[in-house]
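Chain and residue survey
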Amino acid sequence: MTRGKPASVGYWLFKTEPSAFSITDLKNRKSRTEHWDGVRNFQARNFMRDDMRLGDLGFFYHSSCSDPAIVGIVEIVRTGYPDFTAFDSKEPHYDPKSTPQRPLWYMVDVHLKRELREPITLRELKAQPALADMRLLSRGNRLSVMPVNLQEWEYILGMDHR
DNA sequence: GCCAACGTTGGC
DNA sequence: GCCAACGTTGGC
């Protein structure tokens, strides 16, 4: 947006535990659109609140399961806005420090573009020298929402053509 | 279930 | 502001 440069698409990775919310769950939604709520980490929040733009794309990643893998591609269809699930004491991620007047946590809405032909497993990702610096693979990285750079994005899309 | 790698909290 | 204790994440 600055200095007349064309807006560039940003790329992201969204982690989810399939036992809680899987790509099948998202596929079965009539709208195939979902609030990415419940993120309670400041760095991940900042990415959603400050950096994601309409039309940005993201990998949908299954974590904490028998075969962690990228399984689909989503598009950002609504940029950061207050995560209202934080306001509700009945919600699992309720946080009394966040109020409608002073929201602490933010979310975006994502829309499922497509499933990958086959999941690209964590194991396969780790085997690619081209992805050695990928944030997902960095030691001890536990962010549930993180950026992916263009080179990584394109390389991984290429892996989908098997 | 284990454990490394964090992030958060709270006493000082 | 420091830092130890604690809780969580997530691969294995």
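Residues numbered from 1 in each chain as written. Chains lettered and ligands numbered in written order. Predicted model: local features only at pLDDT ≥ 70, side-chain atom pairs only at ≥ 80, totals over all residues. Heavy atoms only, no water.

**Comments concerning the sheet that holds strand S2 (residues 33-35)**
Taken together, six strands build an open sheet; the order of strands is S2-S5-S4-S3-S1-S6 and the sheet is mixed. The strands lining the two open edges of the sheet, one partner per strand, are S2 and strand S6 (145-147). Across the sheet, the axes of successive neighbouring strands diverge by a mean angle of 35°, strand direction being ignored. Across three bridges, the pairing between S2 and strand S5 (residues 106-121) is antiparallel. Looking across to S5, one finds that glutamate 34 is bridged to valine 110. Contacts between helix H4 (residues 150-159) and the sheet are confined to strand S1 (11-16), strand S3 (57-62), strand S4 (69-82) and S5, with S3 contributing the most and set at about 60° to the helix. (Pairing = 2+ DSSP bridges. Helix = DSSP H or I, 4+ residues; strand = E, 2+ residues; numbered from the N terminus. Axes fitted to C-alpha atoms, helices over the stretch in contact; angles between N-to-C directions. Contact = heavy atoms within 4.5 Å.)

**Quick notes on the pattern of salt bridges**
The full count for this structure, using the stated rule, is seven salt bridges. Note that glutamate 115 and lysine 27 form a salt bridge whose closest N and O atoms lie 2.9 Å from each other. Taken together, the positions of glutamate 115 in strand S5 and lysine 27 in helix H1 (residues 23-28) put the pair 88 residues apart, joining distant regions of the chain. Residue classification places lysine 27 among the partly exposed residues on the basis of a relative accessible area of 28%. For arginine 114, the salt bridge identified is with aspartate 160, shortest N-O distance 2.9 Å. (Salt bridge = Lys/Arg side-chain N within 4 Å of Asp/Glu carboxyl O. Buried < 20%, exposed > 50% of the residue type's maximum accessible area, 1.4 Å probe, protein only.)

**Points about the protein's contact with DNA strand B**
Inspection of the region around DNA strand B gives Phe42, Lys97, Arg139, Gly140 and Arg142 as its neighbouring residues. When the atoms of DNA strand B within 4 Å of the protein are grouped by moiety, sugar and phosphate amount to 71% of the total. In this structure, arginine 142 approaches DNA strand B through a side-chain N or O atom, which is 2.7 Å from a base oxygen. Split by residue class, the surface near DNA strand B holds one nonpolar, one polar and three charged. (Near = heavy atom within 4 Å. Polar contact = N/O pair within 3.5 Å; in protein donor to acceptor, adjacent residues only side chain to side chain. Nonpolar A, V, L, I, M, F, W, Y, C, P; charged D, E, K, R; others polar.)

**Considerations on the protein's contact with DNA strand C**
Every residue lining DNA strand C is accounted for by Lys15, Tyr61, Ser63, Ser64, Pro68, Leu122, Lys126, Arg142 and Leu143. Backbone sugar and phosphate groups make up 77% of those atoms of DNA strand C lying within 4 Å of the protein. One of the side-chain N or O atoms of tyrosine 61 is found 3.0 Å from a phosphate oxygen in DNA strand C. Interatomic distance of 2.8 Å between a backbone N/O atom of serine 64 and a phosphate oxygen of DNA strand C.

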